[in-house]
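Coordinate analysis (summary)
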Amino acid sequence: MLKVRNLNVSYGGIHAIRGIDIDVERGEIVTIIGSNGAGKSSLLNAVSGMVRYQGEMEYEGQQLPSQPHNIVKAGICQVPEGRLIFANLTVLENLKMGAYLRNDAKEIERDLERVYSLFPRLAERKKQIAGTLSGGEQQMLAMGRGLMSSPELILLDEPSLGLAPMLITTIFEIISEIKAMGKTILLVEQNAFKALAVADRAYVLEQGIITASGPASELLRDSRIREAYLGRK
Amino acid sequence: MSIFIQQIINGLSIGSIYALMAVGYSLVYSILNFSNFAHGGVIMLGAYFGLYAVTLVGGLPFLGALAVAALLAGLVAVALEKIAYRPLRKRNAPSLYFIISAMGASIFLENLVIVTIGPTFRTYPQMFSAAPIALGNVTISRIDVLMFAIAAISLAVLMFIIEKTKVGLAIRACSFNTKASNLMGVNVNRVIFIIFLLGGMLAGVAGMLFGMRYTVYPQIGVITNKSFIAAVFGGLGSLPGAVVGSLLLGIIETFGAGYIASTYRDLIAFSLLIIILVIRPSGLMGRVTEDKA
Ligand SMILES: Nc1ncnc2c1ncn2[C@@H]1O[C@H](COP(=O)(O)OP(=O)(O)O)[C@@H](O)[C@H]1O
Ligand SMILES: [Mg+2]
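Residues numbered from 1 in each chain as written. Chains lettered and ligands numbered in written order. Predicted model: local features only at pLDDT ≥ 70, side-chain atom pairs only at ≥ 80, totals over all residues. Heavy atoms only, no water.

1. A word on the interface of chain A and chain B
Between chain A and chain B, the contact holds 25 residues from the first and 17 residues from the second. Summed over both sides, the interface between chain A and chain B buries roughly 2000 Å², with carbon and sulfur atoms accounting for 69% of that surface. The largest share of the area that chain A buries against chain B comes from F86, M97 and Y100 of chain A, three residues that together contribute 30% of it. For the interface between chain A and chain B, the tally reads 1 salt bridge. R172 of chain B is the partner of E93 of chain A in a salt bridge, and the nearest nitrogen-oxygen pair spans 3.0 Å. Across the contact surface, chain A and chain B share 4 residue pairs in polar contact (both at pLDDT 80 or more). (Contact = heavy atoms within 4.5 Å. Buried area = accessible area lost by both parts, 1.4 Å probe. Salt bridge = Lys/Arg side-chain N within 4 Å of Asp/Glu carboxyl O. Polar contact = N/O pair within 3.5 Å; in protein donor to acceptor, adjacent residues only side chain to side chain.)

Written out as structure tokens, the structure reads:
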């Protein structure tokens, strides 16, 4: 579904992504694990067209569009690190922003109901200004907003960041539910254990280079990865 | 008492023109975070566009000329954005560069008019009866009523667009975070085009009304200093703030001019600016910001 070849991203002198290849197949959860500064967000931002890059990216057999709005139109939506919800808008307006490029009012209404059933908290608070939501609720809103674009491929950037353990469990359960809705997910995480547990396949990114990849269950058993990312032998 | 009411009405009338100009500043500031000092040039051109629409083109009626002034001024604002700001945006230039570019554009427009049309003062032909409307003891000039009514309608239309339409939602989203809006599929360039078009059209309306009320000359754009003060007073970036700030400034100025001396008008306005910046830099309704460039 998504094919990334020899991707390079630089910021001035910083070479953040150094020639990586990544594949995502339809219906999968693929996770990219790696520590802070490894280049995970840079990868997602390259796919979303938010940073300049070198290399090839193919989506559904076609070259990926270059403009962010055309990428959303093509069916790829990013739920960014730090949520970036519109704190000045209501919950409902945030969700409507997710559906910005769509004109199918009936379908939008149906997806809104779906998002509300996935995140009942959002339904209760739809009139509330989003800036007043708790961190967990903001993460739910960011994910719900992303789903409102009716994407085929969802890029999730550290959805568990800064959340309490209970909420992290909830968020990962919801990620499985989103997969069950037929969506494909590229999940970036520092919480390697949870990410590997939910994913089908995984890549390990270190300083802009892929150092390991394979089925998530295998990486979960790999002693080197257990030591480096899971803190256990 | 009647003088008091008279002053309030005069204040609201001039304040509503400040508001038309101030919302243009605020719209641009809310998304691009800089004060568009070229706005005065657009207002000045609006005054000339209206004048020529009334006098040249077989003498368009008032509303026709107003539409022409609004449309042409809107196009000028959009062109300015393309020429003076878009290249800076592409390079992620700091706010200061935008302000310098805006000041340059403003000087350019003023001088363009001086060399092509000339530096002389011009006046609109009389389009409405000069006879004031009498309401008991209070007399109101027709043009003041007209200015207030047109400004109120224009601002209501703007508010409707911002609060009730999809484009308005995108404008509000961009004003909070352009990156996130972009990730949601918003074409940020198009939103910026729209805010310059809207701000420019209101500037055209304001320029023509102001030109009709007073006179038309190449430096007429300095009036936007007042609307800038009003926008800061209300809270830069906040549209309701810009409107409230403008009306209050109009009233305060008019009272100052009426009860103290008319030469104090500008002194009062600028003193107000300094007081606000010291006491409450975010203005009456503005969000708290780091730097107000
Ligand atoms: N906008 C930017 N400008 C300059 N350097 C950046 C920028 N964004 C990221 N970087 C640098 O690129 C590297 C990778 O960052 P990032 O992709 O955010 O990593 P991660 O998401 O894995 O934490 C880091 O060294 C970071 O400092
Ligand atoms: Mg990151």
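And the narrative resumes.
2. A look at the layout of surface pockets
Estimates place the volume of the largest pocket at around 1300 Å³. What lines the largest pocket is a set of 29 residues, among which R89, K90, N92, N182 and N189 of chain B lie closest to the centre. The set of elements that each furnish at least two residues to the lining of the largest pocket consists of α2 (68–74) of chain A together with α1 (2–32), α3 (62–90), α4 (95–116), α7 (178–183) and α8 (188–213) of chain B. Of the residues forming the lining of the largest pocket, the biggest block, 4 residues, is contributed by α3 of chain B. For the lining of the largest pocket, a count of residues per class yields 13 nonpolar, 11 polar and 5 charged. Taken as a whole, the second largest pocket encloses approximately 490 Å³ of empty space. Considering the residues around the second largest pocket, the lining is formed by 22 residues, among which L92, E93 and K96 of chain A together with K166 and L169 of chain B are closest to the centre. Put simply, the parts of the chain that give the lining of the second largest pocket at least two residues each are α3 (91–98) and α4 (105–118) of chain A together with α5 (142–164) and α6 (166–176) of chain B. Class assignment for the residues of the lining of the second largest pocket results in 9 nonpolar, 3 polar and 10 charged. (1 Å grid on protein atoms, 1.4 Å probe; cavity = no way out; pocket = protein on both sides within 12 Å on 5 of 7 lines; lining within 4 Å. Points joined across faces, edges and corners; volume = space filled by probe spheres on them. Helix = DSSP H or I, 4+ residues; strand = E, 2+ residues; numbered from the N terminus. Nonpolar A, V, L, I, M, F, W, Y, C, P; charged D, E, K, R; others polar.)

3. Digging into the nonpolar core
In globular proteins that are soluble, nonpolar side chains generally tend to be buried together. With 100 residues, the main nonpolar core has L20, I171 and M208 of chain B as its most contacted residues. Top contributing element to this core by residue count: α8 of chain B, with 15 residues. Leaving out residues up to four positions away in the same chain, L20 of chain B has contacts with A151, S154, L155, L202, V205, A206 and L209 of chain B. The next biggest cluster of nonpolar side chains, apart from the first, holds 47 residues, and it includes V91, L156, I168 and V198 of chain A. (Core = buried A, V, L, I, M, F, W, Y, C linked by side-chain atoms within 4.5 Å. Buried < 20%, exposed > 50% of the residue type's maximum accessible area, 1.4 Å probe, protein only.)

4. Regarding the coordination of the magnesium ion (ligand 2)
Residue and element names in this part refer to chain A. Coordination of the magnesium ion (ligand 2) by the protein involves S41 (OG) and E81 (OE), with metal-donor separations of 2.0 to 2.1 Å. Linking S41 in helix α1 (residues 40–47) with E81 in the loop between β6 (76–79) and α3, this pair joins segments that are 40 residues apart in sequence. The class of E81 is partly exposed, set by a relative accessible area of 34%. (Donors = N, O, S within 2.8 Å, 3.2 Å for Na, K, Ca; no water.)

5. Here we look at unusual backbone geometry
All names here are of chain A. Non-glycine residue E158 carries a positive phi angle of around 45 degrees. Structurally, E158 can be placed in the loop between β7 (153–157) and α7 (165–180). Looking at E158, the relative accessible area reads 3%, which means it is buried. In this model, Q207 sits at a positive phi of 45 degrees, which is unusual for a non-glycine residue. For Q207, the position within the fold is in the loop between β9 (201–206) and β10 (209–215).

6. Side note on the site of ligand 1
Residues and elements named next belong to chain A. Surrounding ligand 1, one finds Y11, I14, A16, S35, N36, G37, A38, G39, K40, S41 and S42. A38 is positioned such that a nitrogen or oxygen atom in its backbone is 3.2 Å from an oxygen atom of ligand 1. A distance of 2.5 Å separates an oxygen atom of ligand 1 from a polar side-chain atom of S42. For ligand 1, the accessible surface in isolation is 550 Å², of which the surrounding protein chains cover 61%. Counting only elements with at least two residues in the shell around ligand 1, the list comes to β2 (14–24) and α1. With 3 residues, α1 is the largest single contributor of residues to the shell around ligand 1. Among the residues forming the shell around ligand 1, the class breakdown is 4 nonpolar, 6 polar and 1 charged. (Near = heavy atom within 4 Å. Areas by Shrake-Rupley, 256 points an atom, 1.4 Å probe, with all protein chains shown as cover.)

7. Let's talk about the pairing of strand β4 (residues 54–59) of chain A
All names here are of chain A. Summarising the sheet, strand β1 (residues 2–11) and β4 pair through 5 bridges and their orientation is antiparallel. Bridge pairing in β4 links L2 to Y59. As judged from the 2 bridges shared by β4 and strand β5 (residues 62–63), these two strands associate in the antiparallel manner. Residue pairing in the sheet places E58 in a bridge with Q63 of β5. (Pairing = 2+ DSSP bridges.)

8. Quick notes on the packing of α1 of chain B against helix α10 (residues 239–259) of chain B
To characterise two packed helices, one gives the angle between the axes of the helices and the distance between these axes. Residues and elements named next belong to chain B. Remark: α1 packs on α10, axes separated minimally by 6 Å, with the N-to-C direction vectors making an angle of 140 degrees. In terms of orientation, α1 and α10 fall into the oblique class. As for the relative orientation of α1 and α10, their crossing is right-handed in sense. When its residues are assigned to classes, the contact of α1 with α10 shows 18 nonpolar, 10 polar and 1 charged. (Axes fitted to C-alpha atoms, helices over the stretch in contact; angles between N-to-C directions. Parallel < 35°, antiparallel > 145°, perpendicular 65-115°, else oblique. Left-handed = near helix turned anticlockwise from the far one by under 90°.)

9. Side note on the side chain of S30 of chain B
All names here are of chain B. With respect to the helices and strands, S30 occurs in helix α1. Accessibility expressed as a relative area gives 6% for S30, which makes it buried. There is a polar contact of 2.8 Å between the side chain of S30 and the backbone oxygen of L27.

10. Remarks on the packing of aromatic side chains
The tally for this structure, following the rule as stated, stands at 12 aromatic pairs over all chains. With centroids separated by 5.0 Å and ring planes inclined at 40 degrees, the aromatic side chains of F34 of chain B and F98 of chain B adopt a geometry described as tilted. Of this pair, F34 of chain B sits in the loop between α1 and α2 (39–55) while F98 of chain B sits in helix α4, and the two are 64 residues apart along the sequence. Residues F34 of chain B and F98 of chain B agree in their burial class; the two are buried. Each member of the aromatic cluster is reached from another via a ring pair, and the members are F34, Y85, F98 and F196 of chain B. Above the face of the F86 of chain A ring, R145 of chain A is positioned so that its terminal group lies 4.9 Å from the ring centre. Between the NZ or CZ atom of K166 of chain B and the centre of the ring of Y100 of chain A, over which it lies, the distance is 5.5 Å. (Phe/Tyr/Trp six-rings, centres within 6.5 Å; stacked < 30°, edge-to-face > 60°. Lys NZ or Arg CZ within 6 Å of the ring centre and 35° of its normal.)

Geometric values such as these leave the question of function open.
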